[in-house]
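As a plain string of letters, each chain reads:
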Amino acid sequence: MQHVLITGGAGFIGSHLTKELCSKGYSVRILDNLSPQIHGDSAQIPEWVDDLSVEFHRGCITNRADVKNALEDIDIVIHLAAETGTGQSMYEIQKYNDVNSQGTAVLLDIIANKETKSVKRILLASSRSVYGEGAYTCSNCADKTRQCPDSRTAQVLAEEKWDPLCSICGSSLTPLPTKETDSIKPASIYAATKFAQEHLISVFCESQGIGFGILRLQNVYGEGQSLNNPYTGILSIFSTRIRRDLNLPIFEDGNETRDFIHVSDVANSFLAAITTHNSPNCIVNVGTGQLTTVKEVATKLTTAFGKTPNITVTGEYRIGDIRHNRADITLLKDKLNYTPKVDLEKGLKSFVDWVQSQDLPEDLLDKANNELKAKNLMG
Ligand SMILES: NC(=O)c1ccc[n+]([C@@H]2O[C@H](COP(=O)([O-])OP(=O)(O)OC[C@H]3O[C@@H](n4cnc5c(N)ncnc54)[C@H](O)[C@@H]3O)[C@@H](O)[C@H]2O)c1
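The following paragraphs examine the structure supplied in this document. Everything quoted here is computed from the prediction, not taken from an experiment.

## Re the sheet that holds strand E4 (residues 76-79)
Pairing is parallel in the open sheet, where 7 strands are placed in the order E3-E2-E1-E4-E5-E9-E14. If you trace the sheet from one side to the other, it starts and ends with strand E3 (55-58) and strand E14 (283-286), each paired once. Adjacent strand axes in the sheet meet at a mean angle of 20°, parallel and antiparallel pairs treated alike. Pairing geometry for strand E5 (residues 121-127) and strand E9 (residues 211-217), over 7 bridges, is parallel. What sits directly across from Ser126, in E9, is Arg216. On top of the sheet, helix H1 (residues 12-23) reaches strand E1 (3-7), strand E2 (27-32), E4 and E9; it is set at about 170° to E1, its chief contact.

## Regarding the sheet that holds strand E8 (residues 174-175)
In sheet architecture, strand pairing relies on hydrogen bonds along the backbone and comes in two forms, parallel and antiparallel. Read from one edge to the other, the open sheet built from 3 strands follows the order E7-E6-E8, with strand pairing classed as antiparallel. The sheet is open, and its two borders are formed by strand E7 (146-147) and E8, each paired with just one other strand. Both strand E6 (residues 136-137) and E8 contribute to a ladder of 2 bridges, which runs antiparallel. Among the inter-strand pairings, Tyr136 is bridged to a residue of E8, identified as Pro175.

## So, helix H14 (residues 365-374)
For H14, every residue scored as buried is listed here: Leu365, Ala368, Asn369 and Leu372. In a view along the axis of H14, the buried residues occupy a sector of 95°, so they form one face of it. Buried residues along H14 sit in contact with helix H5 (86-89), helix H9 (234-243) and strand E11 (248-250). Looking at the residues trailing H14, positive phi occurs at Asn376, about 60°.

## Section: unusual backbone geometry
Its identity as a non-glycine residue notwithstanding, Ser53 has a phi of 55°, on the positive side. A positive phi is found at Asp73, a non-glycine position, where the angle reads about 60°. Classification of Asp73 as exposed rests on a relative accessible area of 52%.

## Topic: helix H10 (residues 263-275)
Taking 1.5 Å per residue as the helical rise, H10 with its 13 residues ought to reach 18 Å, and the 18 Å between its terminal C-alpha atoms agrees with that figure. All buried positions along H10 are accounted for by Val263, Asp265, Val266, Ala267, Ser269, Phe270, Leu271, Ala272, Ala273 and Ile274.

The rules behind the values
- Residues numbered from 1 in each chain as written.
- Predicted model: local features only at pLDDT ≥ 70, side-chain atom pairs only at ≥ 80, totals over all residues.
- Heavy atoms only, no water.
- Pairing = 2+ DSSP bridges.
- Helix = DSSP H or I, 4+ residues; strand = E, 2+ residues; numbered from the N terminus.
- Axes fitted to C-alpha atoms, helices over the stretch in contact; angles between N-to-C directions.
- Contact = heavy atoms within 4.5 Å.
- Buried < 20%, exposed > 50% of the residue type's maximum accessible area, 1.4 Å probe, protein only.
- Arc of directions from axis to C-beta.
- Expected span 1.5 Å × (residues − 1).

What follows is the structure, given as structure tokens:
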């Protein structure tokens, strides 16, 4: 039996992945500090941990003793523990760097210096945010060159010029599926720390002959996403407002797009990255390849609650947000032999069914936005 350590295994993706791996006969150990921002102030070890005979280590990814204990006799590490709020990362820089970059360094340092070399494969949950805007083309120019524009500046956003422009003719660009080989242009501190994690892991694993896989996840949604965290997870944030009959404020002109992937497809992509005989040893996008506007997803979500959409397009914006991004999933299909299975309607229905079984949380969106405004990170 293979022993898997999932850091951050009590979180949204980690809990789905743990259940999936246990059902396939893996022995799973979790290292998670049950961060109050995600799990609430009086967080307890989840009940499913006992039900699944999972070994739970309550500890921090930056604490050497916690990480050392958690790594004992582990064959495969899936590294999910992280701070995940894009906006929050822009003013809590030290915390994001400590947990995401330094936490990864601690993990690798201990693996490098262990007497018994048990770890054979390390997988990382990275993020599509490392691309920044990702790939576009210009439908106006005769030469349809692939372009990866820079992130939009505060001035451009203040002028409501939402769409990235062609570097040749100045027209609005059309988004393309972004490939793993496209330019990396992190637009947030969060994205910069995810990119640091990628480098640390790929350089370390290549030098040590350890297999690795870096999965760049698009926007993950689904059952179990924290309903307490106002800093990330647009559908969770909106679900609380819909249940409270509050309007859904949408940034920019509402036509910004994301590639929404259901959490079960993400868990199955990690499973595929474990079970491939040869370690992937590369970066793989994990998304559906489909673009959905934020306005559209807000409408579909409200409808799934059986309510009438109450949407306000605010024209506000956050520094560090991208306009469009969707994954080219050729490598997911070819390297991991996986194709996402859950379409948005079906995924939203399961999500809404789950949300309705949960306590109604406080709506903290205004609090989170006011923090950004106070730091001049939102206009
Ligand atoms: N959810 C998404 O849309 C998305 C998209 C791209 C990438 N990712 C990445 O996937 C991973 C998991 O994300 P998630 O959505 O499940 O987030 P989550 O916040 O639900 O889970 C993260 C888990 O890590 C734990 N954690 C936080 N700080 C820790 C620390 N210092 N020590 C130990 N544990 C700690 C938290 O308690 C939580 O249980 C993250 O690395 C994130 O960057 C997520």
